[in-house]
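Structural features, examined
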There are 2 protein chains.
Amino acid sequence: MSTGDENHGSNPPPQAEAGGEAGYGDVKGGALFSIPGYGWADVAALEQSMAGRAVRVRGAAHAVRAVGRRVAFVVLRQGTSTVQCVVAAAAGGGDAGMVRLAAGLSRESVVDVAGVVSLPREPVHGTTQQQVEIQVKKLHCISRATPNLPISVGRRSAKRGRRRQSQSCKLFPAVNLLHHGQAGEQVVHVGQDKRLDYRVIDLRTPANQAIFRVQCEVENIFRQVLLSEGFVGIHTPKLIGGSSEGGAAVFKLDYNGQPGCLAQSPQLHKQMAVCGGFERVFEVGPVFRAEDSNTHRHLCEFVGLDMEMVIRDHYFEVCDVVDRLFVAMFDHLNKNCTKELETIDRQYPFKPLKYLPKTLRIEYDEGIGMLKEAGVHVEAMGDLNTEAEKKLGELVHAKYGTDLYMLCRYPSAVRPFYTMPCPDDPRYSNSFDVFVRGEEIISGAQRVHIPELLARQAEARGIAVGSIAAYIDSFRYGAPPHGGFGVGLERVVMLFCGLGNIRKASLFPRDPRRLQP
Amino acid sequence: MSTGDENHGSNPPPQAEAGGEAGYGDVKGGALFSIPGYGWADVAALEQSMAGRAVRVRGAAHAVRAVGRRVAFVVLRQGTSTVQCVVAAAAGGGDAGMVRLAAGLSRESVVDVAGVVSLPREPVHGTTQQQVEIQVKKLHCISRATPNLPISVGRRSAKRGRRRQSQSCKLFPAVNLLHHGQAGEQVVHVGQDKRLDYRVIDLRTPANQAIFRVQCEVENIFRQVLLSEGFVGIHTPKLIGGSSEGGAAVFKLDYNGQPGCLAQSPQLHKQMAVCGGFERVFEVGPVFRAEDSNTHRHLCEFVGLDMEMVIRDHYFEVCDVVDRLFVAMFDHLNKNCTKELETIDRQYPFKPLKYLPKTLRIEYDEGIGMLKEAGVHVEAMGDLNTEAEKKLGELVHAKYGTDLYMLCRYPSAVRPFYTMPCPDDPRYSNSFDVFVRGEEIISGAQRVHIPELLARQAEARGIAVGSIAAYIDSFRYGAPPHGGFGVGLERVVMLFCGLGNIRKASLFPRDPRRLQP
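Scope of this entry: the structure provided in the associated data block. (Residues numbered from 1 in each chain as written. Chains lettered and ligands numbered in written order. Predicted model: local features only at pLDDT ≥ 70, side-chain atom pairs only at ≥ 80, totals over all residues. Heavy atoms only, no water.)

On to the environment of G25 of chain A, then. Examined against the element boundaries, G25 of chain A turns out to sit in strand β1 (residues 24-26). When sequence neighbours within four positions are dropped, the list of residues in contact with G25 of chain A reads L101, L139, H140 and C141 of chain A. (Helix = DSSP H or I, 4+ residues; strand = E, 2+ residues; numbered from the N terminus. Contact = heavy atoms within 4.5 Å.)

All names here are of chain A. Judged by pairing direction, the sheet is mixed, and its eight strands sit side by side in the order β8-β12-β13-β20-β19-β18-β15-β14 without closing on themselves. What marks the edges here is a single partner per strand, and that holds for β8 (232-233) and β14 (360-363). Strand contacts of helix α5 (residues 206-228): β12 (280-288), β13 (301-310) and β20 (482-488), with the helix running at about 155 degrees to β12, the strand carrying the most contacts. Across the sheet, helix α9 (residues 364-373) touches β14 and β15 (404-408), and the angle it forms with β14 is around 80 degrees. (Pairing = 2+ DSSP bridges. Axes fitted to C-alpha atoms, helices over the stretch in contact; angles between N-to-C directions.)

Another aspect to go through is helix α7 (residues 316-336) of chain A. Side chains three or four residues apart in an α-helix point the same way, a direct result of the helix having 3.6 residues per turn. Helix length check: α7 of chain A (21 residues) gives 29 Å between terminal C-alpha atoms against 30 Å at 1.5 Å per residue, within 8%. In terms of burial, α7 of chain A is largely enclosed, as 15 of its 21 residues are buried. (Expected span 1.5 Å × (residues − 1). Buried < 20%, exposed > 50% of the residue type's maximum accessible area, 1.4 Å probe, protein only.)

Residues and elements named next belong to chain B. Spatially, the eight strands line up as an open sheet ordered β8-β12-β13-β20-β19-β18-β15-β14, and their pairing is mixed. The sheet is open, and its two edges are formed by β8 (232-233) and β14 (360-363), each paired on a single side. With seven bridges joining them, strand β13 (residues 301-310) and strand β20 (residues 482-488) adopt antiparallel strand pairing. Counted as the bridge partner of V310 is H482 from β20. This element, helix α13 (residues 489-496), spans β13, β18 (431-436), β19 (439-446) and β20 of the sheet and lies at about 135 degrees to β19.

Time to look at the relation of the copies chain B and chain A. In screw terms, the move from chain B to chain A is a rotation of 180 degrees and a rise of 0.0 Å along the axis, fitting with an RMSD of 0.0 Å. Such a combination of turn and shift is consistent with a two-fold rotation axis. Closest approach to the rotation axis within chain B is made by the C-alpha atom of L253 of chain B, at a distance of 2.6 Å. Interface overlap between copies is the fraction of interface residues in one copy that are interface residues in the other; for chain B against chain A it reaches 100%, indicating a shared surface. (Least-squares fit on C-alpha atoms with pLDDT ≥ 70 in both.)

Accessible area lost on assembly of the parts is the figure often given for the size of an interface. At the interface, 117 residues of chain B touch 117 residues of chain A. Taken together, the two surfaces of chain B and chain A that pack against each other cover about 10,000 Å², and 57% of this comes from carbon and sulfur. On the chain B side of the interface with chain A, the three residues burying the most area are R312, D313 and Y477 of chain B, jointly 9% of the side's total. Our count for the chain B to chain A interface comes out at six salt bridges. A salt bridge links R312 of chain A to D42 of chain B, with the nearest nitrogen and oxygen atoms 2.7 Å apart. In this assembly, chain B and chain A are joined by 48 residue pairs in polar contact (both at pLDDT 80 or more). (Buried area = accessible area lost by both parts, 1.4 Å probe. Salt bridge = Lys/Arg side-chain N within 4 Å of Asp/Glu carboxyl O. Polar contact = N/O pair within 3.5 Å; in protein donor to acceptor, adjacent residues only side chain to side chain.)

Let's shift gears to the packing of aromatic side chains. Residues and elements named next belong to chain B. Counting across every chain of the model gives 30 aromatic pairs over all chains. Measuring from centroid to centroid gives 4.9 Å for F330 and F496, while their planes differ by 25 degrees, and the two rings are stacked. With F330 in helix α7 (residues 316-336) and F496 in helix α13, the pair connects residues that are 166 residues apart, well separated along the chain. Classification of F330 by relative accessible area gives buried; the value is 1%. Overall, F496 belongs to the buried group, its relative accessible area being 2%. Aromatic side chains Y405 and F435 sit 5.4 Å apart centroid to centroid with 15 degrees between the ring planes, which places their arrangement in the stacked category. (Phe/Tyr/Trp six-rings, centres within 6.5 Å; stacked < 30°, edge-to-face > 60°.)

So this is what it looks like as structure tokens:
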């Protein structure tokens, strides 16, 4: 009996097989047990060469169908893989109880099957494993699901009958999973809301299994590329004193009698880490925004991917890292996550992202020029609204053939006070945004490391210098020129996969109305 | 002119060299500039083979010494590396201004040196680079540090004179850096507090540079080992509804008109992820505890390393992952972080951690027996206090020769209500703690995945079942047996390196009194 690893440090106390002689039944009290002769196998790993082998598989009862009293078919699902399990009463009728147990399984119940891998006469329809099935010898229900699930993992439509079942097994998209949020619109999907209410069920759909594996890879590549370039991973505090430097949209709390709040970004602390001698740092951690923005692209809590680094000659050194990082990331996803991307595409069809091996950089003024030429009204030194950004994305796509580009040298007036002005013209700044599919995804810049300039720029924007004295003081003990950027993990996944709504890229999303589950 | 990477996406606008003809001076307004002919080099990378090469180096003025008006020595520090830079006036006296600039540099000012690598006649004392120095041709001050630093990076003692400087350069421990907190005591170090107030300077000391590089490696290994074993990295929300399941020590806040709080652990959500079809998940993220515990081992915010996984036959499957993970982690640190560990040891001497290739597991009752035999008063089915844990650590060390061990099969009464009881005796539970140097570092267990049992156990502990209905309901839709553990990143670093105080292992620590910087 294998548990997947053989190196138990000491012998676990023996636990009796549940179900006793009969070899089937409900497991009581959560007892776990070995079944001699049946080794654990993953559904995804079953293959024809295993025919005749005794295996044990645990999964969810994805679909159940009884044929009379003597045979029942249970489609068992583990992760995104499914296999058909055949429960048949022996000629003597001795296993009729096991068939009854199988036929009565509620969908999504967790089931242990011990059986023999066999080759079906015809390929099984509707399961991911089509060339193998399992002839069940022992069957235990580990966890009974409530018979009336609030949402379904396995039904595509409300049509009844056998066609429904076979269809659901093929793709198993759930009811109401097909909504797309529209860019810029106020998104209120009843279907999506209900799914999010029962996220523990909703997450079992193939698209969700794929989305969060892609998300994990995005983070892995972010870390790997930066580690390979000499960055150190850090963790800065999320609880900070007073109210965050950023403004009003901050969650406030009482910290043992002191006023505290949740960090709206790791900005100050990652800058302090650089000034503290760590020349290149990155952080992956939650970012909190109390904004009441009910859009397809805002969350009240998201995962920030942040970096900050010393700059030697030019802030383009930061852009260079962005370029290498995101091209490596997207290359990796396209190469190593094909199965996941196809799975997502089946549920939420999207066009593969177009990007260049060397990310396009254009200056803000050029972008403004392109928009004006296309007849879009924009102010020369003003900020771009969501609509203008979208339009510029289209123009850039048409002209340069890329969905990914950087817009550099923003007007100083539309950037935060701590942004370094361009040395040749302080009306512009050493800053950039990165756009994917016409939506801003990354914001970065060189920071002001000179306390006097910082104070002057804060004052010019009407910020009380006294209120940010601690921030300014951080640069009084010797501060290297530095810059960095921040990007939301969920936004990367949403825009790369064209999901249309950021809630789809957050495991348990938090928006102005949602604090559950 | 190299910037460390040659692939600028477009040509950066040229920026003039500051200091003009003279080749020295204060850089105004944060301007960055290239110096043709001088390529950037890292202090750590300088070596004798580079003699005669023109290089540019940026670092902090770690020490400055003028010899008359014609020569000044500037020790430049970058990270944990230092090199001596020789600023000499030419025979004609033309560079006397540069010598004056050097001699007047305040410590910790950020300085750009362009010069020629040369071989000193005798090894330089007190710098990490002893076989090379730099003959300075151009010198620019990038950022002036305030002349009176609140704490010092470079002085060991209050003694004055040249001995001080040479000593400080060798190890550069800062004033007041040598305090060790004692286990269990109320730690109030004025020295440490002041250092934490000025963490941006304090972080520049070699021990701190090393500690946070070790911390980064701990996280890297945690992730790598789990990823290699099929775990998926997830992010669960830190903002949760109502008050956390754990009890009173919770930070509360107003969430757009709803009562909310900060998660005291990712417990519920990582369990939901497992029930949501992700069979093995891990998370690295902040954990918030509003406890008023002013000890050497508690923080109000720390970084949790958490995992949760399906269990097939026995909860020892979780222990097996712990075992492989932490042995791999400690092996890696000992093998690949020798320089960092030596640096930490010089400042905070510690004994290398003793651990076995296969982590020792003993049952709780055996631990109790060992303590009783040693004359320690402990209650058979009660919890161990810090003192008893410490003592047991000593006994285990003496008997088994390890500082790392697992204590399994805890009495159910001392574990949370969601802990699975042992199937053979419900007075005990499928749970474990891991100890390092006699201090608890990891807590893990199999969880109850059966809603009825969960409700019963909550009731038996006086918890209102209604208040945790959402948690219990998560297991009504089919839930696999599962378990996991949590460990604090800072605590791993503190105990592996014997730092004695957890604040030393937190970049910007948060304790009941400290919310700054």
